[in-house]
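Residue-level structural notes
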Amino acid sequence: MAIQDNRSHNDHYRRLTFASFLKSDSFDAGDEAYHTDGDHNRSDSKDAISTNSDSQRPSNASTSDSSSSPIYPLSPWNQTYYPHNDNTTAFSSTNQSPWNQSCSPYHKSPWIYQTRNSDFEDDSDNGLVGTIVRQEGHVYSIAASGDLLFTGSDSKNIRVWKDLKDFSGFKSTSGFVKAIVITGDNRVFTGHQDGKIRVWRGSKRNPESYSRVGSLPTLKEFLTKSINPKNYVETRRKKNKLKIRHFDAVSCLTVNEDLGLLYSGSWDKTLKVWRLSDSKCLESIEAHDDAVNTVVAGFDDLLFTGSADGTLKVWKRELQGKETKHVLVHVLMKQESAVTALAVNLNDAVVYCGSSDGSVNFWERKKYLTHGGTIHGHRMAVLCLTSAGSLLLSGGADKNICVWRRNGDGSHTCLSVLMDHDGPVKCLTAVEEADDDNGGEKTDQRWIVYSGSLDKSVKVWRVTDYAS
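Residues numbered from 1 in each chain as written. Predicted model: local features only at pLDDT ≥ 70, side-chain atom pairs only at ≥ 80, totals over all residues. Heavy atoms only, no water.

**Brief notes about the overall build of the protein**
Within the protein, the regular secondary structure consists of two helices and 31 strands. Going through the 468 residues of the protein one by one, you find that 56% of them count as buried. Of the contacts formed within the protein by residues at least 6 apart in sequence, a portion of 52% connects residues at least 24 apart. For the protein, the accessible area works out to roughly 21,300 Å², and carbon and sulfur atoms hold 45% of it. (Helix = DSSP H or I, 4+ residues; strand = E, 2+ residues; numbered from the N terminus. Buried < 20%, exposed > 50% of the residue type's maximum accessible area, 1.4 Å probe, protein only. Contact = heavy atoms within 4.5 Å. Areas by Shrake-Rupley, 256 points an atom, 1.4 Å probe, with all protein chains shown as cover.)

Listed below in structure tokens is the structure:
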């Protein structure tokens, strides 16, 4: 097994303070172009690079004027946030999505892992722990469960890792893996480019063995619903499709295990609600005017969705007559830039929204959801967000990961910028590290963070609340 040296020309930047990083000239937005799956971004930049139509389709949302926007029901929530253009952004970019979108060829290469970087031997609490390099495809999705890490890519593989080593894996027949979620009963749900949601389960006798146990919708439900013409909808290509099935890429998945529900968002502009107990599709909602890029289950049983149409919407499950359905509570934000990532801090009841312009807006639950401010830390689009205790981690197309701490007054401080990736950071997840025996003394929370990138690698980091 080959081991690659972790050292690179960027090593000395990893421990810069945030202020020093802002003043540095190390980043050149035009140095390289990287592939991506193309979360739908709305950009009018004249410098935007043309894309491959198979990997990304342009926005279908109208940008003519605000009067054409739909009117939503009044609610006691705060007014929709309309961000304005200002010069306060720490990192700016005239080109919101300049990376190449073309697909990569399939390469059959062994997976290798890198050992701990010696630059951080003097700081065991913060920094890069190791790197898993895969040379067969770009990493688009990631999920962690216990001591296992699941990664998905455009090679159609779902790999399972343990202690930075190849533990297991399974492969779908088509459609590269754009989203992964894991439920408490050891089921793995994967969303794919071909519009399918596949279901996998690990063997109780052999933990290294995973097998496909079904797909959503189930074959039984598909056949039952296909008989009734009312269950069909007309797609943009004037074809009739069964509405319980996504007819475009499944871009995002999230689970609310308290309600026993799985949510899926798609480039077909719909949000679908699935019951975990029997895999039945309960609802198909025309949620947005353009592709749904991100969905996350939040506090108070709220559901948040973000789209290429630039809106962030809030949904809640309510009783409507004899049925329980998800209704639109409010549109928290409407902007020109696409909403590309969402994350929720359940402890403090805060929702974070990343956009293709590099900003992160957040809302706090007070009496109602109130806009708390905007965080600026990326020169290019924010592609992923994850919350870990009081920390927020944001990954961007500028190849960086910013580590933010939420302070007691609601403000956010950038503790560090992790700069070891050579491509856009597409996905993030974090798990709390088990405490060592400290004689009962309370210590700072330590988190293991996994980041997947379009440089075909997964990096493992350790961060704490006092990282710098």
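Following the structure, the description resumes.
**Comments concerning the sheet that holds strand β23 (residues 359-365)**
Across the sheet, which stays open at both edges, the four strands sit in the order β21-β22-β23-β24 with antiparallel pairing between neighbours. Strands at the two margins of the open sheet, each flanked by one partner only, are β21 (339-345) and β24 (369-376). Strand-to-strand twist in this sheet, taken as the mean axis angle between neighbours without regard to direction, amounts to 20 degrees. Where β23 lies against β24, seven bridges are found, and the strand directions are antiparallel. By the bridge assignment for β24, E364 is matched with T370. (Pairing = 2+ DSSP bridges. Axes fitted to C-alpha atoms, helices over the stretch in contact; angles between N-to-C directions.)

**Overview of the side chain of S451**
Locating S451 in the fold gives a position in strand β30 (residues 446-453). Overall, the relative accessible area of 0% leaves S451 in the buried class. Looking at S451, its side chain comes within polar contact range of the side chain of H421, at 2.8 Å. Side-chain polar atoms of S451 contact the side chain of W461, separated by 2.9 Å. Apart from residues lying up to four places away in sequence, S451 is in contact with I142, I401, H421, V425, C427, L428, S457, V458, K459 and W461. (Polar contact = N/O pair within 3.5 Å; in protein donor to acceptor, adjacent residues only side chain to side chain.)

**What about the packing of aromatic side chains?**
Both the distance between ring centres and the angle between the ring planes are used here to describe each pair of aromatic rings. Taken as a whole and assessed by the stated rule, the structure comprises six aromatic pairs. Arranged with centres 4.9 Å apart and planes meeting at 25 degrees, the rings of Y140 and F176 form a pair that is stacked. With Y140 in strand β3 (residues 139-145) and F176 in the loop between β6 (165-171) and β7 (177-182), the pair connects residues that are 36 residues apart, well separated along the chain. For the pair shown, Y140 and F176 are each scored as buried. Taken together, a centroid distance of 5.8 Å and an interplanar angle of 90 degrees make the contact between F150 and Y210 edge-to-face. Here Y210 lies in strand β10 (residues 210-216) and F150 lies in strand β4 (residues 148-153), a separation of 60 residues in the sequence. Here the two residues F150 and Y210 agree in accessibility, since each one is buried. Site record: aromatic cluster; members linked through ring pairs are F150, F170, W200 and Y210. (Phe/Tyr/Trp six-rings, centres within 6.5 Å; stacked < 30°, edge-to-face > 60°.)

**Quick word on the sheet that holds strand β28 (residues 412-418)**
Taken in spatial order, the four strands of this open sheet run β25-β26-β27-β28, and their pairing is antiparallel. The open sheet has two free edges, formed respectively by β25 (382-388) and β28, since each of these has just one partner strand. Across this sheet, the average inter-strand angle for adjacent strands is 20 degrees, counted without regard to direction. In terms of strand pairing, β25 meets strand β26 (residues 391-396) through six bridges, oriented antiparallel.

**A word on the pattern of salt bridges**
Under the criterion given, the structure shown has 13 salt bridges. Residues D166 and R159 are paired through a salt bridge, measuring 2.5 Å at the closest nitrogen-oxygen approach. On the accessibility criterion, R159 (19% relative accessible area) is buried. It is possible to trace a salt-bridge network through shared partners that takes in D348, E364, K366 and R406. (Salt bridge = Lys/Arg side-chain N within 4 Å of Asp/Glu carboxyl O.)

**Thoughts on the confidence of the model for the protein**
Parts of the prediction with low pLDDT should not have their coordinates interpreted in detail. Mean pLDDT over the protein stands at 78; residues scoring 70 or higher make up 70%. Ignoring residues within four places in sequence, the model shows residues 1-23, a span with pLDDT below 50, making 55 contacts including any to other chains. In this model, residues 85-122 is a region of pLDDT below 50 whose contacts with residues beyond four sequence positions or in other chains number 123 contacts. (pLDDT = per-residue confidence, 0-100.)

**Comments concerning the pairing of strand β31 (residues 457-464)**
Where burial is concerned, most of β31 is hidden: eight out of the eight residues are buried. Residues S457, K459, W461 and V463 line one face of β31 and the alternating positions V458, V460, R462 and T464 line the opposite face, and both faces are buried. Note: strand β2 (residues 127-133) against β31, six bridges, orientation antiparallel. Along β31, the bridge assignment pairs G130 with V460. Judged from the seven bridges that link them, β30 and β31 form a sheet pairing that is antiparallel. From the neighbouring strand, S451 faces β31, where its bridge partner is K459. Hairpin connection from β30 to β31: three residues lie between these consecutive antiparallel strands, with K456 at a positive phi of about 70 degrees.

**Considerations on unusual backbone geometry**
A cis amide bond, omega 0 degrees, links L216 with the succeeding residue P217. The residue P217 is located in the loop between β10 and α2 (219-225) in this model. Positive phi, close to 70 degrees, is recorded for N186, a residue that is not glycine. Checked against the element boundaries, N186 lands in the loop between β7 and β8 (187-192). Take N186: its relative accessible area is 34%, and that puts it in the partly exposed class. Here the phi dihedral of D301 falls at roughly 60 degrees; this positive angle occurs in a residue that is not glycine. If you trace the backbone, D301 turns up in the loop between β17 (292-297) and β18 (302-307).

**Things to note about the nonpolar core**
In this structure, F304, L312, L332, W363 and L369 are the most contacted members of the largest nonpolar core, which totals 17 residues. Of all elements in the fold, only β18, β19 (311-320), β20 (323-334), β21 and β22 (350-355) reach the threshold of two or more residues within this core. If you look at the next biggest cluster of nonpolar residues, it comprises 16 residues, including L128, C384, L391 and V403. (Core = buried A, V, L, I, M, F, W, Y, C linked by side-chain atoms within 4.5 Å.)

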